[in-house]
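A look at the structure
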Amino acid sequence: MSVEATAHGTSTINREKVAALTERELRRLADRTPQSKQRHERGLKVMPGGVPSSFQENDPWPVYLERGEGARVWDVDGHEYVDFHNGFGVMCIGHANPQVGAAVKARVDQGTHFAAPTDGSIAVAEELADRFGLPQWRFTNAGTESTMDAVHLARGATGRDVILKIEGSYHGHHDAVMVSVYPPLEALGERDDPRSVPYGEGYPKALTELTRAVPFNDAEALEKALAKLDGQVAGLIMEPAMMNINIIPPVDGYLERVRELCTAHGVKLIFDEVKTGATIARGGASRRFGVRADMVTLAKAVCGGYPGGAIGMTEEIAALIAEGRVHQYGTFNGNPLVMAAAEATLTQVLTEDAYAKLESSNDWLLGRCDEIIERYGLPCYTEGLGAKGCVIFAGEPLREYRDYLTKVDGDLATLAWLYHMNNGVFMTPGVEEEWTLSIAHSEEDLRRFANALEAFAKDVTGD
Ligand SMILES: Cc1ncc(COP(=O)(O)O)c(C=O)c1O
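Residues numbered from 1 in each chain as written. Predicted model: local features only at pLDDT ≥ 70, side-chain atom pairs only at ≥ 80, totals over all residues.

Here we come to the site of the ligand. As a matter of local geometry, the ligand sits amid 14 residues, with A142, G143, T144, G172 and V274 nearest to it. A total of three residues in the shell around the ligand trace back to one element, the largest contributor, which is helix α6 (residues 143–158). For the shell around the ligand, the per-class residue count stands at five nonpolar, six polar and three charged. (Near = placed C-beta within 6 Å. Helix = DSSP H or I, 4+ residues; strand = E, 2+ residues; numbered from the N terminus. Nonpolar A, V, L, I, M, F, W, Y, C, P; charged D, E, K, R; others polar.)

Now the structure itself:
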């Protein structure tokens, strides 16, 4: 029997048992979701992978959803779940939110698209300026467009080509950032000089080489990279807290030092707050950590479940657009329907009180998870910020992507996900993901997550 002692949890994890439980729970999930299977087979005939976006693919097949209300969603087999996935961190306002619904319905009756500016875009830009302390805003249709435009602006502002990013981070699927996203261990290269690894095919080598990676939470490594590439780097794009390999918060002083180094080297600092912007504080990570970037990119929760994004910028950068030097375009930018949703989301629903509630719900859930981890001696720990949290299946805190690659127990993370799905918790698929709470989550809803984790803990550590 293969038994592996884990370094930090007190329980030993029996690998054969984990494999058997995984097989059992996968079968259970398959048996419970025949209608999803049927949808998947139908979808496969017309969509690659049977899904509209590859991030929705999953084993044995994706669970197809029918509807959502508040903190709950229902799948096509009629199962009800408490939603902790929340549409990859979008639905902090809860499903079918009545305030956002009313704003959108009112807009529908007044026309939904003109490609001419309307009051909505001014109101949302004013609200974002107040939240993030950046004076000028433009709108986009998704996070990918926000980060793409930010890269163009950094290059336009500096006349330089090289973009720095954090190793192991995801910023959407355009050429400049599809580099060193999830590189495999053997492709990484030296830690102080990582290779630029394309994330899949279809990206020209010449463009991939223009993006260089540095490790997260290491200002010295950044300093060295900037010295080596002096005069070549246009911008550094980064999540202030990494959110795509579970959650990795910045260590004390790191973001401040990053800010200083970017200023010293004439490099534009882009905080990609697509995940953090509307979920971890009223002014996102910028406000929470008190560091101001030259640009902030937003999407996801900011438009309350409608497809939109935004870029915040300094006056100096905004002038590049205003003077027609950098082109920031889009037929649907500032679409009235999306702006109505964003305005209601930001001014009526996600208020300071709402952020306080999200934070206290999250603390409560993190506390319950900590108790379970402790009680069963599980080799994992919790991390949380605002509406977002996760159980990280590693024996010690992660600081950067290389830790994630070498320390996370993917088998346990996958098994925990299956326990959630089979116990009425709709949880984000993937070893690297986190939960997102909504203002609709009640204590009973949160308890369901903890109960599913406890069922997993009992089985995995029991005889
Ligand atoms: C930090 C970050 N930036 C950008 C994106 C891309 O956003 P979108 O999927 O809306 O294009 C994502 C998506 O997950 C993200 O997490």
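As a further point, take the sheet that holds strand β7 (residues 162–166). Read across the sheet, seven strands follow the order β6-β14-β13-β12-β11-β7-β10 without closing on themselves; strand pairing throughout is mixed. Unpaired on one side and paired on the other, β6 (136–140) and β10 (211–214) mark the two borders of the sheet. Put simply, the sheet's adjacent strands are angled 20° from each other on average, direction ignored. The sheet contact formed by β6 and strand β14 (residues 309–313) spans five bridges and is antiparallel. By the bridge assignment, R138 is partnered in β14 with I311. (Pairing = 2+ DSSP bridges. Axes fitted to C-alpha atoms, helices over the stretch in contact; angles between N-to-C directions.)

Attention now goes to the domain arrangement of the protein. For the protein, the assigned domains are domain 1 (3–96 + 351–461) and domain 2 (112–349). Here domain 1 and domain 2 have C-alpha centroids that lie 27 Å from each other. On the side of domain 2, 30 residues touch domain 1, which itself brings 29 residues to the contact. Considering each element in turn, the side of domain 1 that touches domain 2 owes the most residues, four residues, to helix α14 (residues 401–407). In terms of residue class, the side of domain 1 that touches domain 2 is built from 16 nonpolar, five polar and eight charged. (Domains from an automatic or database assignment. Contact = placed C-beta atoms within 7 Å.)

Before going further, it helps to examine the sheet that holds strand β18 (residues 435–436). Each strand in a sheet pairs with another by means of backbone hydrogen bonds, the pair being arranged parallel or else antiparallel. If you trace the three strands from one edge of the open sheet to the other, you get β15-β16-β18, paired in antiparallel fashion. This sheet does not close on itself; its edge strands, each paired only once, are β15 (381–385) and β18. Where β15 and strand β16 (residues 388–392) come together, five bridges link them in antiparallel fashion. Within β16, the residue paired with L385 across the bridge is K388.

Across the five residues of strand β12 (residues 268–272), five count as buried, placing the element largely inside the fold. Side chains K268, I270 and D272 project from β12 onto one buried face, and the interleaved L269 and F271 project onto a second face that is buried too. By the bridge criterion, four bridges tie strand β11 (residues 233–238) to β12 in an arrangement that is parallel. Within β12, the residue paired with L236 across the bridge is L269. A crossover connection joins β11 to the parallel β12 through helix α9 (residues 254–264); in handedness this β-α-β unit is right-handed. Pairing of β12 with strand β13 (residues 295–298), which is carried by three bridges, proceeds in the parallel orientation. Counterpart to I270 in the pairing with β13 is M295. Once you follow β12 into helix α10 (residues 284–289) and on to β13, the crossover reads as right-handed. (Buried ≥ 20, exposed ≤ 12 C-beta atoms within 10 Å, placed from the backbone. Right-handed = clockwise from strand over helix to strand, strands pointing away.)

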